[in-house]
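Now for the letters of each chain:
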Amino acid sequence: MAKPNDSDSAVDVATVSFKPPVPPKPAHLSSTYLSASGPPPPSQAQIVPIGPAAEDTTPATAEELEENANAAAQAQHHIEIDSGSDTDSVSDAGESGYETDSVASASTSISSSVRDFTFENGRRYHKFREGSYNFPNDDSEQEREDMKHAMMANLCQCLHFAPIGDGVQNILDMGTGTGIWAIEIGDLYPAATVLGVDLSPIQPEWVPPNVKFMVDDVESHWLQPPNYFDYVHARHTVMAIRNWPKLMERVLEHLKPGGWFELQEIHHFPQCHDGSMPDKHPVTEYWALIIEALAVLGVNFNATLLLADMMREAGFVNVTTRIFHIPIGTWPKNKVLKMVGLYWRTILEIGLQPIAIGPLTRGLKWSPEQVEVWLIEVRKAYMDSHVHSHMPLHIICGQKPGPGVEVM
């Protein structure tokens, strides 16, 4: 479907920004969190955990702090395998030949023109700029997106890595989704104004007073003037963006000199460091087909591997890349990584149908029935506890050059 002209969005978008009443500040968030994070991984003393565990105000024990530190270190280098994880499974393979882990142990005022949704193959999709994003936005998918946030919080143990400092004023979250990252960053930086932009109006109404949401397409003309934002953030957007070089140029234009751009993107293709995943595995075949289908639809799902170079070519300086390996399943020995792996496998397993149904029916012209039958084998394969697979998360930060900016 052809995209509307940039001018088509200006009137609609201007009417959909909202600023709801002030809710009570969540008790588990700390204003000291990530006060001075920079390119090196933050020290344990700088980190206040976020996610479900953070609601417990009991100070972390030395053992828990060490486990967290080891998790971050292992995720960036080599994850130690729990030798018992291969046997702690429930045989539910049937004819598939896979031994599996137990599935039970895994899992306000917005313009009406952009609040509309469209439905396809039993799933709900965005109506604004219909077809730009090939994945659903219904309640179950929103829950999966929030689960991703919890996984990222436990893996990275921080919301951002760019050294934005306490004086940050204007923050943009591109592809904000449910708005959970924007809300938490707004609470951490109460003096900053946070804008979350997405094609879907699925964000909550009760948010910190400095956070607002807008329905818009970040690949269209931006309403803000040049040199406006101090920090632009995006994550899990590689499956949506069609023209990365153009978007990089737009981000550079709208950042203040010295401002930071941070991407947190997963390369959605499983890797295996110990040979436990066969070359022709249903999970690798699944992702190969998703990549093929999205390419037909104009999206390079492998763009994660190119983003750092694109950022440099666009004119950013001090570009750095940090890679965390996200385990798929409970095979890591480290307790934090074991939990992260459980989150990630659950996210991928329950996401099989919503991830596949749009690209395969739209891009490869499969029937919905073909998709559902094919997913049976993939779903079983995800629960194979003998496979020690993982996916790389790329954290890419770049700075806009300008007066006073030192190029490292």
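As shown above, the structure is provided for reference.
Reading the values: rules and limits
Counting restarts for each chain, with residues numbered from 1 along the sequence as it is written. Local features in this predicted model are restricted to residues whose pLDDT is 70 or higher, and side-chain atom pairs enter the listing and the counts only when it is 80 or higher, whereas totals over whole chains, interfaces and linings include all residues. Side-chain metrics in this entry use all non-hydrogen atoms of the structure; hydrogen atoms and water are not considered. Exposed residues in this analysis have more than 50% of their type's maximum accessible area, buried residues have under 20%, and partly exposed residues fall in between, with area computed by a 1.4 Å probe over protein chains only. The secondary structure listing takes helices from DSSP runs of H or I that are at least 4 residues long and strands from runs of E that are at least 2 residues long, numbered from the N terminus. Strands pair, by our definition, only if DSSP identifies at least two bridges between them. Fitted lines through C-alpha atoms give the axes, limited to the stretch in contact for helices. The angle between two N-to-C directions lies from 0 to 180 degrees. Each angle gets one of four labels, with under 35 degrees taken as roughly parallel, over 145 as roughly antiparallel, 65 to 115 as roughly perpendicular, and the rest as oblique. Put simply, a crossing is left-handed when the front helix is turned counterclockwise from the back one by less than a right angle, and right-handed when it is turned clockwise. Any two residues having at least one pair of non-hydrogen atoms within 4.5 Å are treated as being in contact. Three classes are used: nonpolar for Ala, Val, Leu, Ile, Met, Phe, Trp, Tyr, Cys and Pro, charged for Asp, Glu, Lys and Arg, and polar for all others, with Gly counted as polar. Pairing of aromatic side chains requires ring centres within 6.5 Å, counting the rings of Phe and Tyr and the six-membered ring of Trp. Pairs whose planes differ by under 30 degrees are stacked, by over 60 edge-to-face, and all others tilted. N or O atoms closer than or at 3.5 Å make up a polar contact, with two conditions inside protein: a donor-capable atom paired with an acceptor-capable one, and, for residues adjacent in sequence, both atoms drawn from side chains. Note on terminology: disulfide denotes any pair of cysteine sulfur atoms within 2.5 Å. To qualify as a nonpolar core, a set must consist of buried Ala, Val, Leu, Ile, Met, Phe, Trp, Tyr and Cys residues joined through side-chain atoms within 4.5 Å. One side-chain nitrogen of Lys or Arg within 4 Å of one carboxyl oxygen of Asp or Glu is enough to make a salt bridge. Here a helix's expected span is defined as the number of its residues, less one, multiplied by 1.5 Å. Crossover handedness is defined by viewing with both strands directed away from the observer: a clockwise path from the first strand over the helix to the second marks the crossover as right-handed.

**A closer look at the pairing of strand β9 (residues 317-328)**
Remark: a regular strand shows side chains that alternate across the two faces of the sheet.
Here's step 1: Burial within β9 is extensive, with 9 of its 12 residues counted as buried.
Here's step 2: With 10 bridges joining them, β9 and strand β10 (residues 389-399) adopt antiparallel strand pairing. In the sheet register, I323 faces β10, and the bridge partner there is H394.

**A look at the packing of helix α6 (residues 244-254) against helix α8 (residues 307-314)**
Describing two packed helices takes the angle between their axes plus the distance from one axis to the other.
Here's step 1: Contact geometry for α6 and α8: axes closest at 9 Å, N-to-C directions at 50°. In terms of their interaxial angle, α6 and α8 are classed as oblique. When you trace α6 past α8, the crossing you get is right-handed. Residues W244, P245, M248 and L252 of α6 pack against L307, M310, M311 and A314 of α8.
Here's step 2: Residue classes in the contact of α6 with α8 are distributed as 8 nonpolar, no polar and no charged.

**Describing unusual backbone geometry**
Here's step 1: With a phi close to 55°, N227 is a non-glycine residue in the positive phi region.
Here's step 2: For N227, the location among the structural elements is in the loop between β5 (211-215) and β6 (229-235).
Here's step 3: On the basis of relative accessible area, N227 is assigned to the partly exposed category, the value being 41%.
Here's step 4: Non-glycine residue N318 carries a positive phi angle of around 50°.
Here's step 5: Turning to its location among the elements, N318 is positioned in strand β9.

**Notes on the packing of aromatic side chains**
Aromatic ring pairs are defined here through the distance separating the ring centres and the angle between the ring planes.
Here's step 1: Across all of its chains, the model carries 9 aromatic pairs by this definition.
Here's step 2: When the centroid spacing of 6.2 Å and the interplanar angle of 50° are considered together, the rings of W181 and Y231 count as tilted. Of this pair, W181 sits in helix α5 (residues 180-188) while Y231 sits in strand β6, and the two are 50 residues apart along the sequence. Here W181 and Y231 have matching classes, each one buried.
Here's step 3: Judged by centre distance (5.5 Å) and plane angle (20°), the rings of Y286 and W374 are stacked. Within this pair, whereas Y286 is found in helix α7 (residues 282-296), its partner W374 is found in helix α11 (residues 368-382), the two being separated by 88 residues in sequence.

**A look at the side chain of H160**
Here's step 1: The residue H160 is located in the loop between α4 (139-156) and β3 (170-174) in this model.
Here's step 2: Accessibility expressed as a relative area gives 1% for H160, which makes it buried.
Here's step 3: Separated by 2.9 Å, the side chain of H160 and the backbone oxygen of A162 make a polar contact.
Here's step 4: A distance of 2.9 Å separates polar atoms of two side chains, one belonging to H160 and the other to Y189.

**Things to note about the state of the cysteines**
Here's step 1: Across all of its chains, the model carries 0 disulfides by this definition.
Here's step 2: Considering cysteine sulfurs only, C156 is the nearest to C158, which forms no disulfide, with 5.7 Å between them.
Here's step 3: According to the relative accessible area criterion, C158 is buried, its value standing at 5%.

**So, the environment of R242**
Here's step 1: With respect to the secondary-structure elements, R242 resides in the loop between β6 and α6.
Here's step 2: Sequence spacing of R242 and L294 is 52 residues, and the spatial spacing of their C-alpha atoms is 10.0 Å.
Here's step 3: In this structure the side chain of R242 is engaged in a polar contact, spanning 3.2 Å, whose partner is the backbone oxygen of L297.

**Things to note about the nonpolar core**
Here's step 1: Residues M174, W244, F261, Y286 and W287 are the most contacted members of the largest nonpolar core, which totals 98 residues.
Here's step 2: Discounting residues that sit within four places of it in the chain, F261 has contacts with M174, V232, M248, V251, L255, M311, F316, I396, C397 and G398.

**Let's talk about the pattern of salt bridges**
Here's step 1: Evaluation of the coordinates by the stated rule reveals 5 salt bridges.
Here's step 2: Linking K333 and E80 is a salt bridge whose minimum nitrogen-to-oxygen distance equals 3.5 Å.
Here's step 3: Classification of E80 as partly exposed rests on a relative accessible area of 38%.

**A short note on helix α9 (residues 335-350)**
Here's step 1: Relative to the 22 Å expected for 16 residues at 1.5 Å per residue, α9 spans 23 Å between its end C-alpha atoms, a close match to the ideal helical length.
Here's step 2: What α9 keeps buried is the set V336, L337, V340, G341, Y343, W344, R345, T346, I347, L348 and E349.
Here's step 3: With a side-chain oxygen positioned 2.9 Å from the backbone nitrogen of V336, the residue opening α9 is N334.

**Points about the pairing of strand β7 (residues 255-266)**
Here's step 1: The buried count for β7 comes to 9 of 12 residues, which makes it a mostly enclosed element.
Here's step 2: In this structure, β6 lies alongside β7, joined through 6 bridges in parallel fashion. Bridge assignment links F229 to a residue of β7, and that residue is L255.
Here's step 3: Following the chain from β6 across α6 to the adjacent parallel β7, one finds a crossover that is right-handed.

**Structural notes on the environment of V232**
Here's step 1: Tracing the backbone through its elements, the reader meets V232 in strand β6.
Here's step 2: Given a relative accessible area of 0%, V232 falls into the buried group.
Here's step 3: Considered as a pair, V232 and L172 are 60 residues apart in the sequence and their alpha carbons are 4.7 Å apart.
Here's step 4: With near-sequence residues (within four places) excluded, V232 lies in contact with L172, M174, V251, L255, W260, F261 and E262.

**Re α5**
Here's step 1: Counting buried positions along α5 gives 8 out of 9 residues, so the element sits mostly inside the fold.
Here's step 2: Every buried residue of α5 is listed here: W181, A182, I183, E184, I185, G186, D187 and L188.

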